[in-house]
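Inside the fold
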Amino acid sequence: QTVVTQEPSLTVSPGGTVTLTCASSTGPVTNDYSPNWFQQKPGQAPRPLIYSTSNKHSWTPARFSGSLLGGKAVLKVSGVQPEDEAEYYCLLYYNGAYVFGAGTKVTVL
Amino acid sequence: EVQLVQSGAEVKKPGESLRISCQGSGYSFTTYWISWVRQMPGKGLEWMGRIDPSDSYINYSPSFQGLVTFSTDKSISTAYLQWDSLKASDTAIYYCVRQVQHYDSSGFYYDWFDPWGQGTLVTVSS
């Protein structure tokens, strides 16, 4: 059973920077895993933020960026805003199937 | 506007069957995969699998293989998620989402998941 691991929770101050990671139990995450990142707020459907590692959707704020670092997919939020408080999920591709990470709860304090 | 509209909330008893729907509009329904995603109460997202509406080819997550059935009706641009015998543990919100796959001129592969349906809450309780 493939496991995708994310930090359970992170806390950041407004205006600060937070880095979320996404690791695979199968080994280093590469572009072949086509990492997607989603933001979900309570009572809402997930909102896509980043696709295929580093590509932003038209609605994705510039402060969000995606990359690969140290064998993991990374979502970085620079200049965090209060409205960025949410759960963040990564999604990785494995030969015809996908697996979500368990999510990272980002608290803005 | 490209959108997926899901059927309304359901309350069922254990052992009952159920089919929920996801209707696409604003795009060519048979061009893009539809994935189904489960979110149990207070828990994270789980990818259940996907169906290609053009030919009904399906990839099920191993965790959901044999437990649910995906189908589509191209004539009404609708995808379905079906249970033959519900359990209390099937209580969750179920989302459908369109998957877009694209190869650029260099052969680089991109995929993204948008839009998402609004979710269907399924409650299974005796």
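Before reading further, recall that the structure is shown in the block above.
The present account deals with the structure reproduced in this document. Within any chain, residue numbers begin from 1 and follow the written order of that chain's sequence. Written order decides the labels, with chains lettered from A and ligands numbered from 1. Local features in this predicted model are restricted to residues whose pLDDT is 70 or higher, and side-chain atom pairs enter the listing and the counts only when it is 80 or higher, whereas totals over whole chains, interfaces and linings include all residues. Based on all heavy atoms of the structure, the side-chain values leave hydrogens and waters out of the count.

Brief notes about the overall build of chain B
Note the following rule: Secondary structure elements are taken from DSSP: a helix is a run of H or I of four residues or more, a strand is a run of E of two residues or more, and numbering for both begins at the N terminus. We compute the radius of gyration over the C-alpha atoms and compare it with the globule rule, which gives 2.2 Å times the number of residues raised to the power 0.38. Burial here depends on accessible area, computed with a 1.4 Å probe over protein chains only, as a share of the maximum for the residue type. Under 20% is buried, over 50% is exposed, and the range in between is partly exposed. Here, residues are in contact when the closest pair of their heavy atoms is within 4.5 Å.
Helix and strand counts for chain B come out as zero helices and eleven strands. Going from the N terminus to the C terminus, chain B shows its helices and strands as β-β-β-β-β-β-β-β-β-β-β. By the compact-globule yardstick of 14 Å for 126 residues, chain B fits well, its C-alpha radius of gyration being 15 Å. Each of the three principal axes of chain B carries a C-alpha extent, and together these read 55 × 30 × 25 Å. Counting over 126 residues, chain B shows a buried share of 48%. Long-range contacts, defined as pairs at least 24 residues apart, comprise 54% of the intrachain contacts of chain B with a sequence gap of at least 6.

Overview of the overall build of chain A
Keep this limit in mind: What sets the accessible areas is the Shrake-Rupley method with a 1.4 Å probe; for residues, cover comes only from the shown protein chains.
Along the backbone of chain A there are zero helices and eleven strands. Counting from the amino terminus, chain A carries its helices and strands in the arrangement β-β-β-β-β-β-β-β-β-β-β. Taken over C-alpha atoms, the radius of gyration comes to 13 Å for chain A, in line with the 13 Å a tight globule of 109 residues would show. Projected onto its principal axes, the C-alpha positions of chain A cover 40 × 30 × 25 Å. Looking at the 109 residues of chain A, the share that counts as buried comes to 48%. Here chain A displays about 4,700 Å² of accessible surface, and carbon together with sulfur accounts for 51% of that area.

Examining the packing of aromatic side chains
The relation between two aromatic rings is expressed through the spacing of the ring centres and the mutual angle of the planes. Going by this rule: In this analysis, rings of Phe, Tyr and Trp, with Trp reduced to its six-membered ring, are considered paired at centre separations within 6.5 Å, and the interplanar angle assigns stacked below 30 degrees, edge-to-face beyond 60, and tilted for intermediate values. Two limits define a charge over a ring: the Lys NZ or Arg CZ must be within 6 Å of the ring centre, and within 35 degrees of the ring normal.
Under the definition given, this model contains 19 aromatic pairs over all chains. The interplanar angle of 85° and the centroid separation of 5.1 Å between the aromatic rings of Tyr-33 of chain A and Tyr-94 of chain A together place this pair among those described as edge-to-face. Of the two residues, Tyr-33 of chain A sits in the loop between strand 3 (17-24) and strand 4 (36-40) while Tyr-94 of chain A sits in strand 9 (residues 86-94), which places them 61 residues apart along the sequence. Considered together, Tyr-33 of chain A and Tyr-94 of chain A belong to a single accessibility category, that of buried residues. Here Tyr-27 of chain B and Phe-29 of chain B contribute two aromatic rings whose centre-to-centre distance is 6.4 Å and whose plane-to-plane angle is 45°, an arrangement assigned as tilted. Like Phe-29 of chain B, Tyr-27 of chain B is buried. The cationic tip of Arg-19 of chain B hangs over the ring face of Tyr-80 of chain B; the distance from NZ or CZ to the ring centre is 3.8 Å. The ring of Tyr-27 of chain B has Arg-98 of chain B lying over it, and the distance from NZ or CZ to the ring centre is 4.7 Å.

Topic: the nonpolar core
Put simply, the rule is: Definition used in this section: a nonpolar core is a set of buried Ala, Val, Leu, Ile, Met, Phe, Trp, Tyr and Cys residues joined via side-chain atoms within 4.5 Å.
The biggest cluster of nonpolar side chains holds 23 residues, and the ones touching the most others in it are Ile-34, Trp-36, Leu-81 and Trp-83 of chain B. Going through the elements one at a time, strand 3 (18-25), strand 4 (33-39), strand 5 (45-52), strand 8 (78-83), strand 9 (92-103) and strand 11 (120-124) of chain B are the ones with two or more residues in this core. Non-local contacts of Leu-81 of chain B, meaning those with residues more than four positions away in its chain, are made with Leu-18, Arg-19, Ile-20, Trp-36, Met-48, Val-68, Thr-69, Phe-70 and Tyr-94 of chain B. Counting 22 residues, the second-largest nonpolar core is a separate cluster that includes Val-12, Val-18, Ala-73 and Val-106 of chain A.

Points about the sheet that holds strand 7 (residues 64-69) of chain A
Consider a sheet: its strands pair through backbone hydrogen bonds, and that pairing is either parallel or antiparallel. All names here are of chain A. For clarity, the cut-off: Paired strands, in this sense, are two strands between which DSSP finds at least two bridges. A fitted line through C-alpha atoms serves as each axis, taken over the contacting stretch for helices, and the angle formed by two N-to-C directions is quoted from 0 to 180°.
Across the sheet, which stays open at both edges, the four strands sit in the order 1-3-8-7 with antiparallel pairing between neighbours. Two strands close off the open sheet at either side, each with one partner strand: strand 1 (4-6) and strand 7. The average angle at which neighbouring strand axes cross in this sheet is 20°, direction not considered. Note: strand 7 against strand 8 (residues 72-78), six bridges, orientation antiparallel.

With respect to the pairing of strand 9 of chain A
All names here are of chain A. Within strand 9, seven of the nine residues are buried, leaving the element largely enclosed by the surrounding structure. Of the pairings in the sheet, the one linking strand 4 to strand 9 comprises five bridges and is antiparallel in character. Bridge pairing in strand 9 links Trp-37 to Cys-90. Taken together, the four bridges between strand 9 and strand 10 (residues 97-100) define a ladder with antiparallel strand orientation. Bridge assignment links Leu-92 to a residue of strand 10, and that residue is Val-99. Hairpin connection, strand 9 to strand 10: the antiparallel pair is bridged by two residues, and Asn-95 has positive phi, about 45°.

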